[in-house]
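If you want the building blocks of each chain, they are given just below.
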Amino acid sequence: MPILFLIVVIDLVGFGIIIPLLPFYAEYYQASPEIVGLMMATYSFTQFLAAPFWGQLSDRIGRKPVLIISMAGAVGSYIWLGFAESLWMLFAARAVGGAMAGNISAAFAYVADITTNETRAKGMGLIGAAFGIGFISGPAIGGILAGSDPINADFQSPAFAAAALSAIALILASGLLKESLSLDIRQSLACKSPRNPLSMMKKAFKIPHLGLLLVLTFLSTLVFAGLEATFAMWSRRQFGWGPEQNGYLFAFVGILSALIQGSLIGRLTQKFGENGLIIQGSLALSVGIALIPFSSNITILIIAMSIAGYGFSVISPALNSLISLQTGKEEMGEIMGVTRSASTMARFFGPAWAGFLFGTLGSDWPYFTGAMIMLIVLALGISKLKTINT
């Protein structure tokens, strides 16, 4: 687990580096808020198409090879991003990066392989903490490299830095990571015919309770992805911020997420259970995102982002833990791949929907609408989750 954690952290620091950069990069090529949203969504759309394939492949050949292949793809996509000279090249680089992004579903499956039912939520929380650390140092590094001027930002240096970090993660995975999936399971699955993503999704919805959990995963991720995609544009109009200031704020949210998922999620799960954390998280995310439009100063904004960050930091590992508990080891990679598809499809619709609302109704509407969606998640959690055994 420590080696996997280190590899995922390094890889996600690279991913986090470009987060505060992308909206400014797209606007540099005269993209409207709607186009910015679509550009942010492109990565997730191709990842949605590819994630079930990577999850199923990891069941057949193991988690380690999939991690290595996907990290190599990430290196190539970041290099392409650094050399982008037009808007279509931005779209193309992000599309390739998403198609090759099998590392996260493989990492979640790896954790499920090496943990017990009792330690599953803690294990998922550690991967969530890796996300948090990636969003601590990554956006801060990316913001510093890009600079504080939204008009004359350095777009190449962050992309090349991300490529270098993913290359380091690739080397570590190749040399240090041990395979988590037993040879017997891999051999038993090697003779099975591959299924397309649609049939895999249909199968997942037939597993008791799994359909509800996938819907909750989709909705909560959709809301948070909409926040991530539009916040840089919102803060530029509200406070005149550039990549550097946004990088620091995302780093703050990353610190909060890492603290919660890395050290508190196990104790929180023992005290409230996965069901309780899903209800808590949906309420906090709703309240936090609703406060953003009313953030007339930095203090209120930090409070709003802290509440929203707490909400997503507890709801995400709780949902992943519940999903894994409904699944057998022989299908763990496939189901985690389907789960990742639900998340990545939400990360397609979230930025596209939020960018459309931002450009047509106004900069505050992605947050008002997101708060209402999370109230729906809260209602579903209160009424339906009590039937699921953990």
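Residues numbered from 1 in each chain as written. Predicted model: local features only at pLDDT ≥ 70, side-chain atom pairs only at ≥ 80, totals over all residues. Heavy atoms only, no water.

Asks: Lay out the packing of aromatic side chains with the relevant residues and their values.
Replies: Counted according to the given criterion, the structure contains 16 aromatic pairs. Taken together, a centroid distance of 5.8 Å and an interplanar angle of 80° make the contact between W234 and F239 edge-to-face. Residue W234 is classed as buried on the basis of its relative accessible area, which comes to 1%. Judged by its relative accessible area of 24%, F239 is partly exposed. Note on F294 and F368: the rings are 6.0 Å apart at their centroids and 55° apart in plane angle, and the pair reads as tilted. Residue F294 is located in the loop between α12 (243–291) and α13 (298–325), and its partner F368 is located in helix α15 (residues 365–384); the two are separated by 74 residues in the primary sequence. With a relative accessible area of 54%, F294 lands in the exposed category. Following the ring pairs from residue to residue traces out a cluster consisting of F231, W234, F239, W241, F250 and Y367. (Phe/Tyr/Trp six-rings, centres within 6.5 Å; stacked < 30°, edge-to-face > 60°. Buried < 20%, exposed > 50% of the residue type's maximum accessible area, 1.4 Å probe, protein only. Helix = DSSP H or I, 4+ residues; strand = E, 2+ residues; numbered from the N terminus.)

Asks: Which residues make up the layout of surface pockets, and what are the values?
Replies: Counted as a void, the largest pocket has a volume near 160 Å³. Taken together, 11 residues form the lining of the largest pocket, with E118, T119, A121, T269 and Q270 sitting closest to its centre. For the lining of the largest pocket, the elements supplying multiple residues, two or more each, are α7 (120–146) and α12. Looking at which element gives the most residues to the lining of the largest pocket, the answer is α12, with five residues. Considering only residue class, the lining of the largest pocket consists of two nonpolar, six polar and three charged. (1 Å grid on protein atoms, 1.4 Å probe; cavity = no way out; pocket = protein on both sides within 12 Å on 5 of 7 lines; lining within 4 Å. Points joined across faces, edges and corners; volume = space filled by probe spheres on them. Nonpolar A, V, L, I, M, F, W, Y, C, P; charged D, E, K, R; others polar.)

Asks: Got a sec to walk through the pattern of salt bridges? Specific residues and values, please.
Replies: Under the counting rule described, the total for this entry stands at three salt bridges. Across the pair E228 and R347 runs a salt bridge, and its minimum N-O distance is 2.6 Å. Placement of E228 in helix α11 (residues 210–239) and of R347 in helix α14 (residues 332–360) is noted, with a sequence separation of 119 residues between them. R347 shares its class with E228; the two are buried. Shared partners join several salt bridges into a network, and the residues in it are E27, R236 and R237. (Salt bridge = Lys/Arg side-chain N within 4 Å of Asp/Glu carboxyl O.)

Don't take any of this as a statement about function, it's just geometry.
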